[in-house]
Amino acid sequence: MVNYRDMSIGELLALTPPGWGGALLNGLSLSLQVAGGGYLLGLLIGVAGAAGKLSGGPVTRDLLTCYTTIIRAVPELVLILMIYFGFPLALNQLLTTLGFGRVEVSAFAAGIVVIGLVQGAYATEVIRGAIRAIPRGQLEAAYAMGMSSFLTFRRITIPAMLPGAIPGLSNLWLIATKDTALLAVVGFTELTLASRQAAGATKHYLLFLGIAGLLYLFVSFISNRLFRTLERRVTPGERHA
Amino acid sequence: MSSAPSKRGSGVTPVIEVNDVHKSFGQDEVLKGVSIMAYRGEVIALIGSSGSGKSTMLRCINLLETPTRGTLRLLDQEIVFPQHGAQRQPIDRKKLRRLRARLAMVFQNFNLWPHMTLEANIMEAPIQVLRKSRAEARDEAQAWLSRVGLYAHRHAYPDTLSGGQQQRGAIARALAMSPEVLLFDEPTSALDPELVGEVLEVIRNLADEGRTMIIVTHEMKFAAEVADRVIFLNQGVIEAEGYPEAVFGATTSDRLRQFMGSAYPLNGEQQ
Ligand SMILES: Nc1ncnc2c1ncn2[C@@H]1O[C@H](COP(=O)(O)OP(=O)(O)O)[C@@H](O)[C@H]1O
Ligand SMILES: [Mg+2]
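Every value quoted in this text rests on a predicted model; they were computed, and no experiment measured them.

So, on to the interface of chain B and chain A. Across the contact, 24 residues belong to chain B and 22 residues belong to chain A. In this assembly, chain B packs against chain A so that about 2,000 Å² is buried in total across both faces, 62% of it on carbon and sulfur atoms. The largest contributions to the chain B side of the interface with chain A come from B:W113, B:H115 and B:Y157, which together make up 27% of the buried area. In this assembly, chain B and chain A are joined by 2 salt bridges. Tallying contributions element by element places helix α2 (residues 93–102) of chain B first for the side of chain B that touches chain A, with 4 residues. Among the residues making up the side of chain B that touches chain A, the classes are represented as 13 nonpolar, 4 polar and 7 charged.

Below, the discussion takes up the UniProt feature "domain: ABC transmembrane type-1" (unreviewed entry) in chain A. As annotated by UniProt and renumbered to match this structure, "domain: ABC transmembrane type-1" (unreviewed entry) occupies residues 24–227 of chain A. Each end of residues 24–227 of chain A is marked by a C-alpha atom, and these two atoms are 25 Å apart; helix forms 84% of the span and strand 0%.

Looking now at a nonpolar patch on the surface. A cluster of nonpolar side chains, namely A:L77, A:L81, A:F85 and A:V185, defines an oily patch on the protein surface of about 350 Å² accessible area. Since its relative accessible area comes to 36%, A:L77 is described here as partly exposed.

Here the structure, examined in full by the defined rule, presents 3 aromatic pairs over all chains. Measuring from ring centre to ring centre gives 5.4 Å for A:Y84 and A:F85, while their planes differ by 85°; the resulting arrangement is edge-to-face. In this arrangement the basic side chain of B:R154 is found over the ring face of B:Y151, its NZ or CZ atom lying 4.1 Å from the centre. Its end group placed over the ring of B:W113, B:R173 keeps NZ or CZ at 4.3 Å from the ring centre.

Residue and element names in this part refer to chain B. As a structural note, the neighbourhood of ligand 1 is formed by F25, V30, S49, S50, G51, S52, G53, K54, S55 and T56. A distance of 2.7 Å is found between an oxygen atom of ligand 1 and a backbone nitrogen or oxygen belonging to G51. Taking 550 Å² as the accessible area of ligand 1 by itself, protein coverage stands at 59%. At 3 residues, helix α1 (residues 54–61) tops the list of elements feeding residues into the shell around ligand 1.

Residue and element names in this part refer to chain B. Pairing is antiparallel across the open sheet formed by 4 strands, whose spatial order is β2-β1-β4-β5. Each end of this open sheet is capped by a strand with a single partner; those strands are β2 (28–38) and β5 (77–81). On average, each strand axis in the sheet is tilted by 15° relative to the strand beside it, whichever way the strands run. In this sheet, β2 lies alongside strand β1 (residues 16–25) in antiparallel orientation, the contact comprising 8 bridges. Along β2, the bridge assignment pairs E17 with M37.

All names here are of chain A. The residue F188 is located in the loop between α7 (149–179) and α8 (191–202) in this model. Given a relative accessible area of 6%, F188 falls into the buried group. C-alpha of F188 to C-alpha of P159: the two residues are 29 residues apart in sequence and 36 Å apart in space. When near neighbours in sequence (up to four residues on either side) are disregarded, F188 contacts L30, V34, A107, F108, L183 and L193.

All names here are of chain B. With 6 of 6 residues buried, strand β9 (residues 229–234) is to be regarded as a mostly interior element. Burial of β9 is two-sided: the residues R229, I231 and L233 facing one way and the residues V230, F232 and N234 facing the other way are all buried. Pairing analysis gives 4 bridges linking strand β3 (residues 43–47) to β9, with the strands arranged parallel. Note that in β9 the partner of I47 across the bridge is F232. Relative to strand β10 (residues 237–242), β9 runs antiparallel, the two sharing 5 bridges. When the bridges of β10 are listed, I231 appears paired with E241. In this structure, the hairpin formed by β9 and β10 is closed by a connection of 2 residues, where Q235 is found at a positive phi of approximately 45°.

Moving on to the UniProt feature "transmembrane region" (unreviewed entry) in chain A. Mapped onto the present numbering, the UniProt feature "transmembrane region" (unreviewed entry) falls at residues 30–52, 64–87, 107–131, 143–166 and 205–223 of chain A. For residues 107–131 of chain A, the end-to-end C-alpha separation is 35 Å, with 100% helix and 0% strand making up the annotated structure.

What follows deals with the packing of helix α2 (residues 21–55) of chain A against α7(A). Residue and element names in this part refer to chain A. Running from N to C, α2 and α7 cross one another at 140°; their axes reach a closest spacing of 11 Å. With respect to each other, α2 and α7 are oriented oblique. In this structure, α2 meets α7 at a crossing whose hand is right-handed. On α7, the residues that touch L32, A35, G36, Y39, L43, V47 and A51 of α2 are F153, I158, L169, S170, L172, W173, A176 and T177. Tallied by class, residues from the contact of α2 with α7 come to 12 nonpolar, 3 polar and no charged.

The rules behind these values
- Residues numbered from 1 in each chain as written.
- Chains lettered and ligands numbered in written order.
- Predicted model: local features only at pLDDT ≥ 70, side-chain atom pairs only at ≥ 80, totals over all residues.
- Heavy atoms only, no water.
- Contact = heavy atoms within 4.5 Å.
- Buried area = accessible area lost by both parts, 1.4 Å probe.
- Salt bridge = Lys/Arg side-chain N within 4 Å of Asp/Glu carboxyl O.
- Helix = DSSP H or I, 4+ residues; strand = E, 2+ residues; numbered from the N terminus.
- Nonpolar A, V, L, I, M, F, W, Y, C, P; charged D, E, K, R; others polar.
- UniProt positions renumbered as here; feature names shortened; annotations may be inferred.
- Patch = residues over 30% accessible without salt bridge, like charges linked within 9 Å, V, L, I, M, F, W, Y side chains within 5 Å.
- Areas by Shrake-Rupley, 256 points an atom, 1.4 Å probe, with all protein chains shown as cover.
- Buried < 20%, exposed > 50% of the residue type's maximum accessible area, 1.4 Å probe, protein only.
- Phe/Tyr/Trp six-rings, centres within 6.5 Å; stacked < 30°, edge-to-face > 60°.
- Lys NZ or Arg CZ within 6 Å of the ring centre and 35° of its normal.
- Near = heavy atom within 4 Å.
- Polar contact = N/O pair within 3.5 Å; in protein donor to acceptor, adjacent residues only side chain to side chain.
- Pairing = 2+ DSSP bridges.
- Axes fitted to C-alpha atoms, helices over the stretch in contact; angles between N-to-C directions.
- Parallel < 35°, antiparallel > 145°, perpendicular 65-115°, else oblique.
- Left-handed = near helix turned anticlockwise from the far one by under 90°.

Listed below in structure tokens is the structure:
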């Protein structure tokens with residue numbers, strides 16, 4: 001048993017055991033990876049979902065409305081538990097039905113799917129709103145030159161909606177980083193669980209949870225700056241400012 | 001509707017033939033059987049008060065709107081409406097796109113793409129639709145930009161340009177497709193008065209080159225000077241049609257006289 005009581009803060013935060021610094025950084029890295037993966041998955045779902053809601057058939061639109069309504073109405077913790085335990089079951093059910101063998105779904109992969117599905121619902125709405133704000137004439141100009149719907153979507157709609165979507169999407173990224181903390185309930189040692197373990201073992205609750213808070217704050221600070229730069233780069237009027 | 005061949009128009013078959021086209025939005029019949037022939041090299045001015053169906057007519061011609069009923073013959077391709085069966089698209093999508101690439105449209109609100117430089121705006125469709133190489137598209141874009149006096153602004157983004165410059169850019173973008181017909185929908189209506197002239201000048205030069213054009217405009221003096229034929233649309237029907245002198249001179253149509261007199265006087269001082 002390590003005697004944490006007599007260790008200095010520096011020793012407690014050392015990168016190698018008995019210090020907990022390494023475990024915290026590892027947790028942070030896992031958090032960022034799951035958040036990043038989930039966010040990207042969410043963006044893909046968001047783009048497809050927005051396209052489906054705006055120009056899909058009635059069935060597509062109804063299905064998407066179900067998806068976004070449910071995800072946004074149910075508390076994220078419940079969703080995480082449901083998807084976390086449900087997704088591997090469903091996936092294996094599907095694989096078995098199709099005659100494939102079962103797969104082990106890692107906590108990491110399941111975490112990305114959870115965050116991605118939640119993010120996707122919100123991203124769908126953010127992107128749909130941004131697309132609707134594009135003047136119709138800009139798309140008609142593309143159609144009038146013989147561009148197909150897909151080409152127009154890829155070359156005109158997506159870049160033209162970015163300035164309008166980035167504030168909302170940057171917000172979603174911050175939510176993604178924070179939502180990873182909910183994965184602690186399923187035993188995934190992301191930053192929050194790592195710091196709780198450190199706190200529990202050392203009894204230095206304030207120190208370790210405070211450090212976790214500071215790390216989240218730091219991530220948010222850096223992210224805000226990056227998104228602001230990105231927003232400036234894709235917003236026509238501000239590009240040369 | 002009889003279409004007498006006019007000053008500049010030539011050739012036996014019209015490039016565009018609109019035959020008894022109807023268009024309804026819900027219960028609202030906006031075009032009530034319109035027929036227009038445009039011959040190669042001809043400039044047609046489409047006039048009429050707001051809401052008379054001018055934009056709808058123009059948009060039917062490049063199929064941004066689907067006519068409810070009637071026939072379109074666009075560059076030798078005949079399309080009869082309504083289409084038989086439950087087909088939603090009036091013609092094969094690919095054919096439709098190929099057709100549209102040959103009919104350029106210039107809009108009232110320019111509709112340049114805000115996320116691209118002027119040059120990129122002009123290169124876009126030639127590269128993506130006509131499959132030209134970047135180098136070729138760039139050379140041509142620069143040539144068209146010089147042509148409309150915007151070469152120096154080729155790297156500018158649309159929202160840093162004046163309305164007149166944006167519209168000239170939009171015309172360059174249309175021309176870069178080497179279209180066989182140019183459709184203009186009130187190209188100067190969104191412009192401050194002092195910027196109207198520069199855009200009309202560009203369009204006038206195109207007319208002098210013998211391009212086939214249909215121009216929806218409220219600039220009556222310009223229409224009188226540039227058009228070979230003027231068509232007056234009123235509440236979805238052609239109320240008068242003919243040489244500019246004939247249409248703008250004393251006419252038999254009360255509605256046209258009313259339109260000319262009240263809304264947009266034929267005023268030498270204007271534009
Ligand atoms: N997409 C549409 N849906 C419903 N009504 C429309 C639509 N487009 C045009 N209209 C109606 O058709 C009529 C003619 O419009 P338009 O062709 O734009 O006239 P103009 O260009 O001569 O001003 C107007 O009453 C307008 O409200
Ligand atoms: Mg109009």
